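# Results of the structural survey
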Protein chains: 2
Amino acid sequence: MEGVHAIHNGQVILAKDAVVPVTLREVQFGFSTYEALRVVKGHAVHLDDHLIRLENSCRGIKLSHPFTKEQISTWVYNLIDVDAIEQASLRIQLYGGKDPQLFVLASSLLSYPDEYYTQGVGAITFAGERLYPSCKTGNLLLNYMALEQARSLGCFEALLVDRHHKVLEGTRSNFFAFKGKELYTASDEQVLLGITRDRVLKAAVRLGFRIVFDAPDADEVGKGVFDEAFISSTSMAAMPLSRIDSRNFSGSYEKTLAIMRLVRSWELDD
Amino acid sequence: MEGVHAIHNGQVILAKDAVVPVTLREVQFGFSTYEALRVVKGHAVHLDDHLIRLENSCRGIKLSHPFTKEQISTWVYNLIDVDAIEQASLRIQLYGGKDPQLFVLASSLLSYPDEYYTQGVGAITFAGERLYPSCKTGNLLLNYMALEQARSLGCFEALLVDRHHKVLEGTRSNFFAFKGKELYTASDEQVLLGITRDRVLKAAVRLGFRIVFDAPDADEVGKGVFDEAFISSTSMAAMPLSRIDSRNFSGSYEKTLAIMRLVRSWELDD
């Protein structure tokens, strides 16, 4: 469900008027960047980190725009105020070009049933590499198709596998796998630098795990080399995987859930 | 310049109302297909071929929609009638998802100065591979960025070079290079199957050239192995290249222009 209002280049508008012309080249070409974040208790969670990443995404694809982090931050809180938002998912959507357009949009807080965490969710692997992996852009067809494939097979997420058979990340999440006390994940330059990924890494270290920046090999995942695996995102925090393709994971997902609880506890910290 | 009207799912609307919600997932993810075609003397050039390719693009990315070729063809001619279009560039833009949306949009006919043909235009090479190369989709960030790079260097087009150093195609064109009486170009499955590419190949055969389906190697292009090169598209027909990166081509581009004239002569044939 959408909010009543939205923000367009600093102006409060009705959410239904948050539209773009089909003829706009930047819409047609996906020359855009975005951020998705959570509002909890009227607080935009890790907003500064999201705004920094938005800047990084823009830099990565050479999308220049006149909007400062301070302005966007003000607009986010304007929207929270005008619609008296207690909790929501927010999207900051920025189109580039000659006449850059920035929208702030609210929708119902994306959250998941408790059993997703206690029982885990299924994932498939999907061959494909993202363009400009460190940037959140409108170039998302691979993600869309991979997730559609996962859903058609009753799975929650698709994990993208690169030409070297490495499992890099999910279509809307980062990917982690445990081998005992070691936590494996792709290195920074290969994936989207998730705001939550960052917290997951900190939580894992705090809990005594050793981080290995080496993306899990898809074949090794299939052979059962890893004893627990999970995905992370703003909305999921850390969500355990009950299976990847035909490889099942069982147990109580203790390691993942310990990380999840720690990450969630930091949401109101900044 | 845009037309006065547009078509949305069969309905005539004002062109300014051809908008999509920023919140629409298929807009955000570029889950869309499109075609660009020419209207000349009130005739939608090679419309049937464009509609077949649109279907192929949809099939390639599993975009299902209820619109038939016959319906879309009717809508194209409705727009031509309602705005009394003599000549124009048309875009058919289709968003998928639960509620597919098809737009037909008109703008001023895209055409180029005569000296582009007599003197040729410059191109750069740009490393990058398109996802689903045979489909025209909204996943176009690579094309956007490559073309921006070309323009910033005073060039007209960017040629995409794959991991094997092969020059496959331009960001909005197909690519061809001559070695004497042999015409080299990428094989069908590597590139967008241009409607004009098809005509170029027929014209080349008719003019006595032998087609070699082997994409030119970027290093060989740089070393001067090819004596003439050109790009093709609906709007360009066949346009000679005066240089690719630092490799200059000179002469009167006779071979390219003979093909161009033949391709243009077929525009009103179907």
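Since the model is a prediction, treat every value here as computed from it, not as a measurement. (Residues numbered from 1 in each chain as written. Chains lettered and ligands numbered in written order. Predicted model: local features only at pLDDT ≥ 70, side-chain atom pairs only at ≥ 80, totals over all residues. Heavy atoms only, no water.)

With that settled, consider the domain arrangement of chain A. Residue and element names in this part refer to chain A. Assigned domains of chain A: these are domain 1 (5–107) and domain 2 (115–265). Look at where the C-alpha atoms of domain 1 and domain 2 centre, and you get two points 26 Å apart. Carbon and sulfur atoms make up 57% of the area that domain 1 and domain 2 hide from each other, which totals about 1300 Å². For the interface between domain 1 and domain 2, the tally reads 1 salt bridge. (Domains from an automatic or database assignment. Buried area = accessible area lost by both parts, 1.4 Å probe. Salt bridge = Lys/Arg side-chain N within 4 Å of Asp/Glu carboxyl O.)

Tallying each qualifying case throughout the model produces 20 aromatic pairs over all chains. Above the face of the phenylalanine 156 of chain B ring, arginine 172 of chain B is positioned so that its terminal group lies 4.4 Å from the ring centre. (Phe/Tyr/Trp six-rings, centres within 6.5 Å; stacked < 30°, edge-to-face > 60°. Lys NZ or Arg CZ within 6 Å of the ring centre and 35° of its normal.)

A few words on the side chain of arginine 197 of chain A. Residues and elements named next belong to chain A. Turning to its location among the elements, arginine 197 is positioned in helix α6 (residues 195–206). Polar side-chain contacts of arginine 197 include one of 3.0 Å to the side chain of aspartate 188. In this structure, arginine 197 is in contact with Asn174, Phe176, Thr185, Ala186, Ser187, Asp188, Val191, Leu192, Phe213 and Ser232, ignoring residues within four places of it in sequence. (Helix = DSSP H or I, 4+ residues; strand = E, 2+ residues; numbered from the N terminus. Polar contact = N/O pair within 3.5 Å; in protein donor to acceptor, adjacent residues only side chain to side chain. Contact = heavy atoms within 4.5 Å.)

Right, let's talk about the sheet that holds strand β7 (residues 101–107) of chain A for a bit. All names here are of chain A. With antiparallel pairing, 6 strands are arranged side by side in an open sheet as β2-β1-β7-β6-β4-β5. For this open sheet the edge positions go to β2 (11–14) and β5 (43–44), each flanked by a neighbour on one side alone. Direction of pairing for strand β6 (residues 88–95) relative to β7: antiparallel, over a ladder of 7 bridges. Each residue of the ladder has a partner; that of tyrosine 95, found in β7, is glutamine 101. On the sheet, helix α3 (residues 69–82) packs against β1 (2–8), β2, β4 (32–40), β5, β6 and β7 and is oriented at approximately 35° with respect to β7. (Pairing = 2+ DSSP bridges. Axes fitted to C-alpha atoms, helices over the stretch in contact; angles between N-to-C directions.)

Residues and elements named next belong to chain B. Between its first and last C-alpha, helix α8 (residues 254–265) extends 17 Å over 12 residues, near the 16 Å set by a 1.5 Å rise per residue. Listed as buried for α8 are Lys255, Thr256, Leu257, Ile259, Met260, Leu262 and Val263. Looking at the buried side of α8, the elements it contacts are α4 (114–119), β11 (174–179), β12 (182–185), α6 (195–206), β14 (228–233) and β15 (237–244). (Expected span 1.5 Å × (residues − 1). Buried < 20%, exposed > 50% of the residue type's maximum accessible area, 1.4 Å probe, protein only.)

A word on the relation of the copies chain A and chain B. Once chain A is rotated about the relating axis by 180° and shifted along it by 0.0 Å, it coincides with chain B to within an RMSD of 0.0 Å. Here the two chains are linked by the operation of a two-fold rotation axis. (Least-squares fit on C-alpha atoms with pLDDT ≥ 70 in both.)

Counting all residues, the mean pLDDT for chain A is 96, and 99% of those residues have values of 70 or more. Taken together, the chains of this predicted complex give a pTM of 0.95 and an interface ipTM of 0.95. (pLDDT = per-residue confidence, 0-100.)

Residue and element names in this part refer to chain B. Burial analysis of strand β8 (residues 121–127) places 5 of its 7 residues in the buried class, which makes it a mostly covered element. Pairing between β8 and β15: 3 bridges, direction parallel. Considered in β15, the bridge of glycine 122 is made with arginine 243. Bridge analysis of β8 against strand β9 (residues 157–161) gives 5 bridges, and the strand direction is parallel. Paired with alanine 123 across the strands is glutamate 157, a residue of β9. Running through helix α5 (residues 141–152), the crossover from β8 to the neighbouring parallel element β9 is right-handed. (Right-handed = clockwise from strand over helix to strand, strands pointing away.)

Attention now goes to the sheet that holds strand β1 (residues 2–8) of chain B. All names here are of chain B. Pairing is antiparallel across the open sheet formed by 6 strands, whose spatial order is β2-β1-β7-β6-β4-β5. A strand with exactly one partner marks an edge of an open sheet, and here the two such strands are β2 (11–14) and β5 (43–44). As paired strands, strand β4 (residues 32–40) and strand β6 (residues 88–95) are joined by 8 bridges and run antiparallel to one another. Across the sheet, residue glutamate 35 finds its bridge partner in β6, namely isoleucine 92. Sheet strands in contact with helix α3 (residues 69–82) are β1, β2, β4, β5, β6 and β7 (101–107), and its direction is about 35° off that of β7.

This part is about the interface of chain A and chain B. It is common to report an interface's size as the accessible area lost on association of the parts. Counting from both sides, the interface comprises 40 residues of chain A and, opposite them, 40 residues of chain B. It is Val22, Leu141 and Tyr144 of chain A in chain A that bury the most area against chain B; as a group they hold 22% of the surface buried on that side. The tally of links from chain A across to chain B stands at 0 salt bridges. Linking chain A to chain B there are 13 residue pairs in polar contact (both at pLDDT 80 or more). Taken together, the elements giving at least two residues each to the side of chain A that touches chain B come down to β3 (19–21), α1 (25–28), β6, β7 and α5 (141–152) of chain A.

Residues and elements named next belong to chain B. It is at 9 Å that the axes of α6 and α8 come closest, and there the two elements cross at 120°. Between α6 and α8, the angle falls in the class oblique. Here α6 and α8 pass one another in a crossing that is right-handed. Across the interface between the two elements, Thr196, Arg199, Val200, Ala203, Ala204 and Arg206 of α6 pack against Ile259, Leu262 and Val263 of α8. Looking at side-chain class alone, the contact of α6 with α8 contains 6 nonpolar, 1 polar and 2 charged residues. (Parallel < 35°, antiparallel > 145°, perpendicular 65-115°, else oblique. Left-handed = near helix turned anticlockwise from the far one by under 90°. Nonpolar A, V, L, I, M, F, W, Y, C, P; charged D, E, K, R; others polar.)

Residue and element names in this part refer to chain B. Bridging between β1 and β7 involves 4 bridges; their strand directions are antiparallel. The residue bridging alanine 6 from the neighbouring strand is leucine 105, located in β7. Relative to β2, β1 is paired through 4 bridges, and the arrangement is antiparallel. What sits directly across from histidine 8, in β2, is glutamine 11. Here β1 folds back onto β2, and the loop between the two strands holds 2 residues, one of which, asparagine 9, carries a positive phi near 45°.

This next bit is on unusual backbone geometry. Although it is not a glycine, histidine 46 of chain A adopts a positive phi angle of roughly 50°. In this fold, histidine 46 of chain A is placed in the loop between β5 and α2 (47–60). We classify histidine 46 of chain A as buried; its relative accessible area is 7%. Even without being a glycine, lysine 41 of chain B presents a positive backbone phi close to 50°. Among the secondary structure elements, lysine 41 of chain B is positioned in the loop between β4 and β5. In this structure lysine 41 of chain B comes out as exposed when scored by relative accessible area, which is 62%.

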